[in-house]
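# An overview of the molecular structure
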Amino acid sequence: MLYYGSIIDNKKNIIDEVTTVHMPAGKSYTGQDQAEIFCHGGQFVLKQILQEIYKYDVRPAEPGEFTRRAFLAGRIDLTKAEAVADLIASKTEYSYRSARDNLLGELSQHINILRDRTIILLAESEAAIDYPEEDLDTVEKKKQIKSIDYLINNVKELIDSYRSGKIIKEGYKIAIAGRPNAGKSSLFNLLLNQSRAIVTPTPGTTRDYLTEWIELDGHAVSLTDTAGLRRSASAIEKSGQQFAEVEMKRADMVIWMADISKKSWKATLKSDLKKLNKLGHVLIVLNKTDITNKMAIKYISFAIKELGICGLFLSCKTKAGIKSLKHELINSMNKNMPDLTDRLIVTSERHKKKLAGSLKYFKKAKVGIEKEISPELITFELRQALNEIDEITGRVYTEDILDEIFSRFCIGK
Ligand SMILES: Nc1nc2c(ncn2[C@@H]2O[C@H](COP(=O)(O)OP(=O)(O)OP(=O)(O)O)[C@@H](O)[C@H]2O)c(=O)[nH]1
Ligand SMILES: [Mg+2]
């Protein structure tokens with residue numbers, strides 16, 4: 001029921017005309033008695049009303065406190081509480097859909113199935129402790145190994161899904177790197193469609209790194225321009241280069257730019273490839289085709305095959321090749337993006353860590369079953385695994401875990 005009335009101070013002065021609603025315990029978001037006041041939206045009116053309310057042993061809520069109380073009242077589990085924060089933060093269709101599904105309980109259902117299966121296995125090994133005289137027969141042993149394999153494979157699949165889950169949550173990270181003056185900032189500006197980064201003919205122009213969001217075919221991409229990498233560099237440039245190295249490692253893809261108008265391009269690229277091969281997710285872009293002569297370009301096509309790589313030709317100046325480059329980026333993103341309709345994707349690092357923890361114990365328990373070690377030890381490993389799983393949904397929690405999770409919420413949620 002919505003009530004209409006006024007907020008008055010203790011001298012009976014009307015502060016504002018408002019509507020209010022009372023949500024009784026058990027029927028509110030937090031599970032507790034809850035009231036909401038709808039006043040006129042101005043900052044000053046709000047402040048006046050709050051000042052009046054604070055006179056009655058009332059304090060402002062901490063970030064995420066409403067959701068924390070909902071969790072403590074048992075209305076939602078931790079995965080759902082975390083999904084609330086993800087839903088609010090979601091920037092793309094993908095991140096929105098995965099947060100919504102988790103809010104509706106998709107992850108917790110899945111985790112609860114794993115939990116139930118673990119408990120069955122645990123009960124079996126506990127029975128073995130109670131009746132030590134009855135040896136585990138081969139049929140029974142095979143059955144147990146099958147059950148634990150199911151758990152191991154399932155948990156592994158969830159952990160693997162985090163690679164795409166991270167992209168869903170944080171966007172696809174692309175870093176543009178290369179030697180100084182290769183045209184990195186020019187490409188950055190071109191993909192951004194604006195002159196965001198400084199471009200000059202002086203090598204070593206970019207010292208810091210710049211990150212901007214762009215959208216490519218519906219994917220959220222965080223694009224980073226980095227400082228050119230070379231040996232002889234000033235102190236400022238060197239710290240820029242350290243950033244560049246970190247960004248390259250963090251990226252889902254590195255665009256390595258090479259200036260092919262330079263005579264020494266091949267030797268330079270050859271030595272750079274040694275480092276790039278270790279990264280494993282590199283797209284080589286051969287820039288400045290407009291000032292490279294046509295014969296040379298033919299030779300370069302052969303030469304890069306010789307180096308065992310694919311390279312895309314580009315001219316940031318004339319924009320020749322930019323379409324193919326975008327096409328290639330979209331293709332590789334599509335390969336990395338999961339189909340959300342038929343798979344559960346783990347998007348939270350916390351969940352991934354807990355799953356990895358449980359996997360470790362499941363594996364130990366499996367070895368134990370195979371080697372027929374004492375059931376007490378197997379039970380111990382399974383209990384540890386169960387504990388990790390229970391921390392995902394919040395059946396088991398500490399105040400520290402809750403503080404960490406809810407501090408990421410905004411006030412009022
Ligand atoms: N002709 C030609 N010039 C280009 C092209 N791309 C970039 N340049 C020029 O090359 C110079 C360096 O370009 P930047 O984009 O600043 O290069 P960078 O890799 O960011 O350089 P640093 O930040 O110093 O590492 C500028 O003078 C650009 O105008 C191209 O495709 N063709
Ligand atoms: Mg630059």
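This section reports on the structure supplied with the text. (Residues numbered from 1 in each chain as written. Chains lettered and ligands numbered in written order. Predicted model: local features only at pLDDT ≥ 70, side-chain atom pairs only at ≥ 80, totals over all residues. Heavy atoms only, no water.)

### Comments concerning the sheet that holds strand β3 (residues 34-38)
To be explicit about the condition: Strands are treated as partners if at least two bridges between them are detected by DSSP. Where helices and strands are cited, they refer to DSSP runs of H or I of at least four residues and of E of at least two residues respectively, numbered from the N terminus. Each axis is a line fitted through C-alpha atoms, taken for helices only over the stretch in contact, and angles between the N-to-C directions span 0 to 180 degrees.
Judged by pairing direction, the sheet is antiparallel, and its three strands sit side by side in the order β1-β2-β3 without closing on themselves. In this open sheet, the two edge strands, each paired with only one partner strand, are β1 (2-8) and β3. For this sheet, the mean inter-axis angle between neighbouring strands, taken without regard to orientation, is 35°. Bridge count for strand β2 (residues 14-23) against β3 is five bridges, and the pairing is antiparallel. Residue M23 lies in a different strand from β3, and its bridge partner there is Q34.

### Quick word on the pattern of salt bridges
The cut-off we apply is this: What counts as a salt bridge is simple: a side-chain nitrogen of Lys or Arg found within 4 Å of a carboxyl oxygen of Asp or Glu. Throughout, exposure labels follow a simple rule: accessible area from a 1.4 Å probe, protein chains only, divided by the maximum for the residue type, with under 20% read as buried, over 50% as exposed, and the rest as partly exposed.
In this structure the tally under the stated criterion is 24 salt bridges. Put simply, K275 and E245 hold a salt bridge, and the shortest N to O gap is 3.7 Å. Taken as a pair, K275 in helix α9 (residues 265-279) and E245 in helix α8 (residues 235-250) lie far apart in primary sequence, 30 residues in all. Among the residues examined, K275 registers a relative accessible area of 38% and is labelled partly exposed. A relative accessible area of 31% means that E245 is categorised as partly exposed. In this structure, K288 engages D259 in a salt bridge whose closest nitrogen and oxygen atoms are separated by 3.2 Å. Taken together, the residues K288 in the loop between β8 (282-287) and α10 (294-306) and D259 in strand β7 (residues 253-259) connect sequence positions 29 residues apart. For D259, a relative accessible area of 10% gives the class buried.

### Some words on unusual backbone geometry
We note that K288 has phi near 75°; this positive angle belongs to a residue other than glycine. Relative accessible area serves as the criterion here: at 18%, K288 is assigned to the buried category. Notably, K319 is not glycine yet its phi reads approximately 70°, a positive angle. Mapped onto the secondary structure, K319 falls in the loop between β9 (311-314) and α11 (322-336). K319 gets classed as partly exposed once you look at its relative accessible area, which sits at 47%.

All we've got here are geometric facts, nothing functional implied.
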